[in-house]
Amino acid sequence: MTPKAPWNSYRQVAMQTAAPGQLVLMLFEGALRSLDRAETGFVMDDPAEANQTIHNNIQRAQEILHELNMALDIEGGGPLASTLRSLYEYMDRRLLETNLQKNNEGLVEVRKYLNTLCNAWSDMLQGKTNPPSPETAATGILAAA
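Just so we're clear, the structure is a prediction, and the values are computed from it rather than from any experiment. (Residues numbered from 1 in each chain as written. Predicted model: local features only at pLDDT ≥ 70, side-chain atom pairs only at ≥ 80, totals over all residues. Heavy atoms only, no water.)

What am I meant to see in the pattern of salt bridges here?
A pair can form between side chains of opposite charge whenever their charged atoms are brought close. Here the structure, examined in full by the defined rule, presents 5 salt bridges. With its nearest N and O atoms 3.5 Å apart, the salt bridge here joins Arg60 to Glu63. Residue Arg60 and its partner Glu63 are located together in helix α3 (residues 47-71), separated by 3 residues, close to a single helical turn. Among the residues examined, Glu63 registers a relative accessible area of 43% and is labelled partly exposed. For Glu97, the salt bridge goes to Arg94, with nearest N and O atoms at 2.7 Å. (Salt bridge = Lys/Arg side-chain N within 4 Å of Asp/Glu carboxyl O. Helix = DSSP H or I, 4+ residues; strand = E, 2+ residues; numbered from the N terminus. Buried < 20%, exposed > 50% of the residue type's maximum accessible area, 1.4 Å probe, protein only.)

Okay, here's the thing in structure tokens:
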């Protein structure tokens, strides 16, 4: 058995048994890890390795954003779901620009938004806060970032 195999098995079981709210948190955390790894590419000396690191990890973060976006219930979620959809699409565009231009400004911006969402989601799951009202969700997310 390879050293990574136990971790992959644990991660797969955790994802299959996690509550839906916990899965969303795991997706936010995964996107943030991917952005952290992508940022390491901006300081690499080898251009080929740097480009590959940036590209692969930004694409992974974009895949996670797509999953989050597709999981939204626009009809049932009302204005909050629509706001999140717009935010996910905006972050996806910023990451695309970052990947094409190999400029980390968009990556830094998206990380701020994702950190805010991740922290708010974590607090909500721990019962520290109530879910935001649709009216305050967008302004709270944007103001915190």
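When you look at the side chain of Arg111 in this model, what are you seeing that I'm missing?
Among the structural elements, Arg111 can be located in helix α5 (residues 105-125). On the basis of relative accessibility, which here comes to 15%, the residue Arg111 falls in the buried class. If we skip the residues at most four places from it in the chain, Arg111 touches Leu32, Leu35, Asp36 and Glu39. (Contact = heavy atoms within 4.5 Å.)

Please clarify how the packing of aromatic side chains should be interpreted in this entry.
In this structure the tally under the stated criterion is 2 aromatic pairs. For the ring pair Phe28 and Trp121, a centre distance of 6.4 Å and an interplane angle of 70 degrees mean the geometry is edge-to-face. Here Trp121 lies in helix α5 and Phe28 lies in helix α2 (residues 20-40), a separation of 93 residues in the sequence. Accessibility expressed as a relative area gives 2% for Phe28, which makes it buried. (Phe/Tyr/Trp six-rings, centres within 6.5 Å; stacked < 30°, edge-to-face > 60°.)

Hey, could you run me through α5 in this one?
Note on helix geometry: an α-helix contains 3.6 residues per turn, so any two residues three or four positions apart are oriented the same way. In a regular helix each residue adds 1.5 Å, so 21 residues correspond to 30 Å; α5 covers 30 Å between its end C-alpha atoms and thus fits that length. Three or more residues of α5 are buried, namely Gly106, Leu107, Glu109, Val110, Arg111, Tyr113, Leu114, Thr116, Leu117, Cys118 and Ser122. (Expected span 1.5 Å × (residues − 1).)

For this particular structure, what's the right way to read the environment of Glu89?
Position of Glu89 among the secondary structure elements: in helix α4 (residues 74-101). Looking at Glu89, the relative accessible area reads 37%, which means it is partly exposed. The spatial distance from the C-alpha of Glu89 to the C-alpha of Gln62 is 9.5 Å, given a sequence separation of 27 residues.

Mind showing me how you'd approach the nonpolar core here?
In globular proteins that are soluble, nonpolar side chains generally tend to be buried together. Grouped together as the largest cluster of nonpolar side chains are 24 residues, with contacts concentrated most on Tyr88, Met91 and Leu114. Among the secondary structure elements, those contributing two or more residues to this core are α2, α3, α4 and α5. Apart from residues no more than four positions distant in its own chain, Met91 is found in contact with Leu65, Val110, Tyr113, Leu114 and Leu117. (Core = buried A, V, L, I, M, F, W, Y, C linked by side-chain atoms within 4.5 Å.)

Would you mind showing me how to read the packing of α4 against α5 here?
Two quantities define a packed helix pair, namely the angle between the axes and the distance from one axis to the other. Where α4 meets α5, the axes come as close as 8 Å, and the angle between the chain directions of the two elements is 150 degrees. Classified by the interaxial angle, the pair formed by α4 and α5 is roughly antiparallel. The handedness of the crossing between α4 and α5 comes out as left-handed. For the pair α4 and α5, contact is made by Leu84, Leu87, Tyr88, Tyr90, Met91, Arg94, Leu95 and Thr98 and by Glu105, Gly106, Leu107, Glu109, Val110, Tyr113, Leu114 and Leu117, respectively. Classifying every residue of the contact of α4 with α5 by side-chain character gives 11 nonpolar, 2 polar and 3 charged. (Axes fitted to C-alpha atoms, helices over the stretch in contact; angles between N-to-C directions. Parallel < 35°, antiparallel > 145°, perpendicular 65-115°, else oblique. Left-handed = near helix turned anticlockwise from the far one by under 90°. Nonpolar A, V, L, I, M, F, W, Y, C, P; charged D, E, K, R; others polar.)

For this particular structure, what's the right way to read unusual backbone geometry?
A negative phi angle is the norm for most residues apart from glycine, just as the trans form is the norm for most peptide bonds. The phi angle at Lys102 is positive, at roughly 50 degrees, despite the residue not being glycine. In this structure, Lys102 sits in the loop between α4 and α5. Among the residues examined, Lys102 registers a relative accessible area of 29% and is labelled partly exposed.

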